[in-house]
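Each chain, written out:
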Amino acid sequence: MDLGAVTKFSALHAKPDGLILQYGTAGFRAKAAFLDHAIYRMGMLAVLRSKQKKATIGIMITASHNPEEDNGVKLIDPLGEMLAVSWEEHATRLANAEEQNVHTVLTEICHLEDVTLQQEAMIIIGRDTRPSSEKLLQSVIDGVTALGGQYHDFGLVTTPQLHYLVCCQNTNGQYGKATIEGYYQKLSKAFVDLTKQTFSSGHKNRALKIDCASGVGALKLKEMEGYLPQELSLHIFNDGTKGKLNDLCGADYVKTHQKPPKGLEIKPNERCCSFDGDADRIVYYYNDADGHFHLIDGDKIATLISSFLKELLLEVGENLKIGVVQTAYANGSSTQYLEEIMKVPVYCTKTGVKHLHHKAQEFDIGVYFESNGHGTVLFSKAAEKKIRQLAEEETDEKIRKAAMMLENVIDLINQTVGDAISDMLLIEAILAVKGLSVQQWDAIYTDLPNRQLKVTVADRQVIDTTDAERRAVTPLGLQEAIDELLKKYKLSRAFVRPSGTEDIIRVYAEADSQVNADRLATEVSLAVFQLAGGVGERPKPF
Ligand code: G16
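All figures in this text were calculated on a predicted structure; none of them were measured in a lab.

Draft legend 1. Spotlight on the overall build of the protein. Within the protein, the secondary structure is distributed over 18 helices and 19 strands. Against the 2.2 N^0.38 benchmark of 24 Å for 542 residues, the protein shows a C-alpha radius of gyration of 23 Å, consistent with a compact globule. Seen through its principal axes, the protein has C-alpha atoms that stretch 65 × 60 × 45 Å. Residue pairs in contact within the protein that sit at least 24 positions apart in sequence constitute 71% of those at least 6 positions apart.

Below, the structure is given as structure tokens:
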């Protein structure tokens, strides 16, 4: 390791005194002004990871759903997955090391992880549209350069596009062509094939309004439009030409506030959706004839996709096992519907795509979605092989057709990570093929009324949880207080957990009516405020 280069570049990217960062739910996130040193160091860490795995590693500069002033960074592992948990610890240690210790920490990581320094390293970089992202790109490049790695900058891309590119690079193009054009070609071909029969039989003009959170999703959708059939007419709003990223718009805003984004007028029964700032999440919604807003979140997306897959599997007669993975935020009605009506096994993991993804890999077909709209479908190698074989060789026309549709789904869905563009195309294809309106989709089951709130505390680490974040272990007395509050309401459920992307505690509550869900959420927020060191204003009745 070139000590001189590390020292020279480290001095250019000084760590703010006393700042402690944690590699959280999706990498490091903080106010952009505090991130220069961490992002530089992640450039170096990515080089070590690349040398260890003898593979291309991705670095994405984004803070996804967070406000525009924030930024963040995350590393992408060889098959397009999130960075391995064991390396998250190295990332945290390296980011928090004092400048004079950076070289020692790097050396220790090399020893612990058996990194051969002579090995070449290749890093691919992407960024979202935050004003701070361009400067932080230079920090990554300095980090990569300090350890002698090579890099390719893909510029403005959605987070899932970078995941896709990493996977393509490391599978020698088997997963797809490692270019943005390759991404558009792969997805649009699968979409066209999946909808061909439906569109040719007269189902024309599927209009969809898309709120792009004033983020990178708008740029990429515009680029992709030319590849898509004209029957799908996409109307893009909040395209970033004005307005701040994620400000009163985007998937996170729509989901947590349960109302439409700014800048998008909804006529009754029009199908609309929102992406988040880096286009890795999607939620749908519409207004009914009485002007009532209906949200169709990740839980209903998972239900739509898994019932479609289950029907196709029945047609091909293959006994492939489907499992659905959710988090504690999943609406109680969705879990009940999946388990009792659809008879699909459902599992609950901690929040964070990395946890859901890992669990979903245990099935032939694993469907995972967080209710905030982040999710995808994973096909095991064996399942994929079987499906492709049937699509190619099966002589029974009906079976072959169903297998071909499953094959199209495999190619349309981004199996590396949740992807708003790919999810949107799959949803649009399913709705078109099944002839389902957005209202019919919504009517699959009725969500239990729910509310999500945020509470600011002095130190969010005082809350520790267990049972996939459904119960609080510390501070003492908090879970008991929540249990008492739950007794007051019917069909109630509530939990609290420290966010891994924002400096707050998240509170979730559901109950038999919206009024009760709102009351319960407020009362639980108050308990958090009192028992977990709340700061600032006390939570007020909703
Ligand atoms: C990230 C993660 C998601 C997670 C979300 C909120 O999303 O990728 O898995 O649900 O943060 O996490 P937390 O509740 O810990 O703040 P995104 O879209 O911001 O990358």
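Draft legend 2. Looking closely at the sheet that holds strand β13 (residues 365-369). If you trace the four strands from one edge of the open sheet to the other, you get β12-β11-β13-β14, paired in mixed fashion. Where the open sheet ends on each side, the last strands, each with one partner, are β12 (346-349) and β14 (375-379). Strand after strand, the sheet turns through a mean of 20° between neighbouring axes, direction not considered. Sheet topology note: the strand β11 (residues 322-327)/β13 ladder contains four bridges and is parallel. Bridge pairing links valine 325 to tyrosine 368 in β13. Of the strands in this sheet, β11, β13 and β14 touch helix α10 (residues 298-316), which is tilted by about 165° from β13.

Draft legend 3. Expanded view of the domain arrangement of the protein. We note that the domain assignment places domain 1 (3-156), domain 2 (182-294), domain 3 (298-422 + 430-442) and domain 4 (450-531) within the protein. Domain 1 and domain 3 are separated by 33 Å when their C-alpha centres are compared. With six residues of domain 1 at the contact, the number on the domain 3 side is seven residues. A class-by-class count of the residues in the side of domain 1 that touches domain 3 yields three nonpolar, two polar and one charged.

Draft legend 4. Representation of the environment of valine 325. With respect to the element layout, valine 325 can be found in strand β11. On a C-alpha basis, the gap between valine 325 and serine 86 in space is 22 Å, while along the polypeptide they are 239 residues apart. Ignoring any residue separated from it by four or fewer positions in sequence, one finds valine 325 in contact with Tyr347, Thr349, Leu356, Lys359, Ala360, Gly366 and Tyr368.

Draft legend 5. Structural context of the UniProt feature "domain: Alpha-D-phosphohexomutase alpha/beta/alpha" (unreviewed entry) in the protein. When the UniProt feature table is mapped onto this chain, "domain: Alpha-D-phosphohexomutase alpha/beta/alpha" (unreviewed entry) is found at residues 51-100 and 111-166. Between the end C-alpha atoms of residues 51-100 the distance is 24 Å, and the span holds 30% helix and 26% strand. Taken end to end, residues 111-166 is 43% helix and 23% strand, and its two terminal C-alpha atoms sit 26 Å from one another.

Draft legend 6. View of the pairing of strand β19 (residues 505-510). A large share of β19 lies buried, amounting to six of its six residues. Every second residue of β19 is oriented toward a common face, with Ile505, Val507 and Ala509 on one face and Arg506, Tyr508 and Glu510 on the other, all of them buried. As defined by bridge partners, strand β15 (residues 450-455) adjoins β19 across six bridges and the pair is classed as antiparallel. Within the sheet, the bridge partner assigned to valine 455 lies in β19 and is isoleucine 505. Where strand β18 (residues 493-498) lies against β19, six bridges are found, and the strand directions are antiparallel. Residue valine 496 lies in a different strand from β19, and its bridge partner there is valine 507. Between β18 and β19, which pair antiparallel one after the other, the connecting turn spans six residues.

Draft legend 7. Up close: the nonpolar core. Among the nonpolar cores identified, the biggest contains 130 residues, and Met42, Ile59, Ile123, Ile305 and Leu412 are the most heavily contacted of them. Those residues in contact with leucine 412 that sit more than four places away from it in its chain are Leu187, Ala190, Phe191, Leu194, Ser422, Leu425, Leu426 and Ala429. If you look at the next biggest cluster of nonpolar residues, it comprises 29 residues, including Val455, Tyr489, Phe495 and Ala521.

Draft legend 8. How the structure looks around the sheet that holds strand β6 (residues 206-211). Ordered by their spatial adjacency, five strands build an open sheet running β7-β6-β8-β9-β10, and the pairing between neighbours is mixed. Both outer strands of the open sheet, β7 (232-237) and β10 (293-296), are each paired with one neighbouring strand and no more. Each strand of the sheet is rotated relative to its neighbour by a mean of 30°, with strand direction disregarded.

Draft legend 9. A look at the site of the ligand. Among the 18 residues in the neighbourhood of the ligand, the closest are listed as Thr25, Ser64, Ser499, Gly500 and Thr501. Its residues assigned to classes, the shell around the ligand shows two nonpolar, ten polar and six charged.

Draft legend 10. Main features of the UniProt feature "active site" (unreviewed entry) in the protein. Within the UniProt annotation, "active site" (unreviewed entry) is assigned to Ser64. Topologically, serine 64 is positioned in the loop between β2 (56-61) and β3 (70-76). Excluding its chain neighbours within four sequence positions, the residues that come into contact with serine 64 are Ala26, Thr159, Asp276, Gly277, Asp278 and Asp280.

Draft legend 11. Representation of the environment of lysine 310. As for its position among the elements, lysine 310 is in helix α10. According to the C-beta neighbour criterion, lysine 310 is partly exposed, with 17 such atoms within 10 Å. A C-alpha to C-alpha distance of 45 Å links lysine 310 and aspartate 459, two positions 149 residues apart in sequence. When residues no more than four places from it in sequence are discounted, the contact partners of lysine 310 are Ile322, Met342 and Val344.

Draft legend 12. Representation of helix α8 (residues 216-225) within the structure. For α8, the full list of buried residues reads Val216, Gly217, Ala218, Lys220 and Leu221. Contact partners of the buried residues in α8: β5 (150-156), α6 (159-170), β6, β7, β8 (272-275) and α15 (420-434).

Draft legend 13. Up close: the packing of α10 against α15. For the pair α10 and α15, interaxial distance at closest approach is 11 Å and the crossing angle is 60°. Relative to α15, the element α10 lies oblique. The two elements α10 and α15 cross, and the hand of that crossing is left-handed. Residues Ile301, Leu304, Ile305 and Phe308 of α10 lie in contact with α15, whose contacting residues are Asp423, Leu426, Ile427 and Ile430. When its residues are assigned to classes, the contact of α10 with α15 shows seven nonpolar, no polar and one charged.

Draft legend 14. How the structure looks around unusual backbone geometry. With omega at -5°, the peptide bond leading from threonine 474 into proline 475 counts as cis. Relative to the helices and strands, proline 475 resides in the loop between β17 (471-474) and α17 (478-486). We note that glutamine 258 has phi near 50°; this positive angle belongs to a residue other than glycine. Positionally, glutamine 258 belongs in the loop between α9 (251-257) and β8. The phi dihedral of alanine 468 falls on the positive side, at around 50°, and the residue is not glycine. Mapped onto the elements, alanine 468 comes out in the loop between β16 (464-466) and β17. Its 17 C-beta neighbours within 10 Å are what place alanine 468 among the partly exposed residues.

Definitions and limits used
Residues numbered from 1 in each chain as written. Predicted model: local features only at pLDDT ≥ 70, side-chain atom pairs only at ≥ 80, totals over all residues. Helix = DSSP H or I, 4+ residues; strand = E, 2+ residues; numbered from the N terminus. Rg over C-alpha atoms; globule rule 2.2 N^0.38 Å. Contact = placed C-beta atoms within 7 Å. Pairing = 2+ DSSP bridges. Axes fitted to C-alpha atoms, helices over the stretch in contact; angles between N-to-C directions. Domains from an automatic or database assignment. Nonpolar A, V, L, I, M, F, W, Y, C, P; charged D, E, K, R; others polar. UniProt positions renumbered as here; feature names shortened; annotations may be inferred. Buried ≥ 20, exposed ≤ 12 C-beta atoms within 10 Å, placed from the backbone. Core = buried A, V, L, I, M, F, W, Y, C linked by C-beta atoms within 7 Å. Near = placed C-beta within 6 Å. Parallel < 35°, antiparallel > 145°, perpendicular 65-115°, else oblique. Left-handed = near helix turned anticlockwise from the far one by under 90°.

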